[in-house]
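The primary structure of each chain is shown beneath.
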Amino acid sequence: MRGIISILLTLLLLTPGFSQKRSKVVSVNPVGFIFGIFGLEYQENIDVNSAWAVRGAFWSSRSGDWSMGAFGAGGSYRWFIEPTAPEEFYVGGGLDITLVTVKLGSEEATGVAFAPKAEAGYTWLFGSKKNFAISIGAEAYYLIGNIKVGDESWPFGGFKGALVGRIGYAW
């Protein structure tokens, strides 16, 4: 009998809506859409002080005979200064990888880039059930890449920075 009660209590505690505290957020970068970048991020709490996030992105650009397309994926660990994950101020680090294809007429170049990064940001949860999420932040990363054109490889990279804005849904 105690086993059945334990199982029922566990199910009640894990049921969404039993607690107002949110532990998962799925979000997009609306500014990226303006530039043709489609990104999606999923973040889940590890505990009240930390979370992990995975993300994916796709973008393409075309002008005359020239075109470029890229697919990227990455992940981050985020530490929340106060025990309030997924809300409020966080700092973290992560790694992204991007596969790029560039075409000019009949010539094609492919490349891959890695970007270890540091990030900091702030997330607000709004609404009567705190389901609407808005995040802003900044990233600093070191891009390490190589693009291959025919039989030649050209390395590229360096320090870069970015401002990040996301809107999403929390549950």
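From a predicted model like this one, the values you see are computed outputs, not experimental measurements. (Residues numbered from 1 in each chain as written. Predicted model: local features only at pLDDT ≥ 70, side-chain atom pairs only at ≥ 80, totals over all residues. Heavy atoms only, no water.)

Q: How should the overall build of the protein be read in this particular structure?
A: Of regular secondary structure, the protein possesses two helices and eight strands. Reading the helices (α) and strands (β) of the protein from amino to carboxyl end gives α-β-α-β-β-β-β-β-β-β. In the protein, which comprises 171 residues, the proportion classed as buried is 29%. Carbon and sulfur atoms form 69% of the exposed surface of the protein, whose accessible area is close to 10600 Å². (Helix = DSSP H or I, 4+ residues; strand = E, 2+ residues; numbered from the N terminus. Buried < 20%, exposed > 50% of the residue type's maximum accessible area, 1.4 Å probe, protein only. Areas by Shrake-Rupley, 256 points an atom, 1.4 Å probe, with all protein chains shown as cover.)

Q: Is there a simple way to think about the environment of Glu87 in this case?
A: Residue position: Glu87 is located in the loop between strand E4 (66-80) and strand E5 (88-104). Note on Glu87: relative accessible area 15%, which makes it buried. Not counting the four nearest positions on each side in its chain, Glu87 is found in contact with Lys21, Phe80, Thr123, Leu125 and Lys130. Polar contacts involving the side chain of Glu87 include one to the side chain of Lys130, which spans 3.3 Å. (Contact = heavy atoms within 4.5 Å. Polar contact = N/O pair within 3.5 Å; in protein donor to acceptor, adjacent residues only side chain to side chain.)

Q: Explain the side chain of Glu139 here, please?
A: When you line up the elements, Glu139 lands in strand E7 (residues 132-149). If near-sequence neighbours (up to four positions away) are discounted, Glu139 is found in contact with Lys117, Ala118, Glu119, Lys160, Gly161, Ala162 and Val164.

Q: Hey, could you run me through the pairing of strand E6 (residues 107-126) in this one?
A: Regular strands place side chains that alternate from one sheet face to the opposite one. In this sheet, E6 lies alongside E5 in antiparallel orientation, the contact comprising 17 bridges. What sits directly across from Thr101, in E6, is Thr110. If you look at the hairpin formed by E5 and E6, you'll find two residues sitting between the two strands, and Gly105 has a positive phi there, around 65°. Sheet analysis places E6 next to E7, joined by 16 bridges and oriented antiparallel. Looking across to E7, one finds that Ala113 is bridged to Gly145. Connecting E6 to the antiparallel partner E7 that follows it, the hairpin turn spans five residues, and Gly127 within it adopts a positive phi of roughly 100°. (Pairing = 2+ DSSP bridges.)

Q: Is there a simple way to think about the nonpolar core in this case?
A: The nonpolar side chains of a soluble globular protein tend to be buried, and buried together. Formed by Ala70, Val100, Val102, Ala109 and Ile147, the largest nonpolar core amounts to five residues. Apart from the residues within four sequence positions on either side, Val102 is in contact with Trp66, Ser67, Met68, Glu107, Glu108, Ala109 and Ile147. (Core = buried A, V, L, I, M, F, W, Y, C linked by side-chain atoms within 4.5 Å.)

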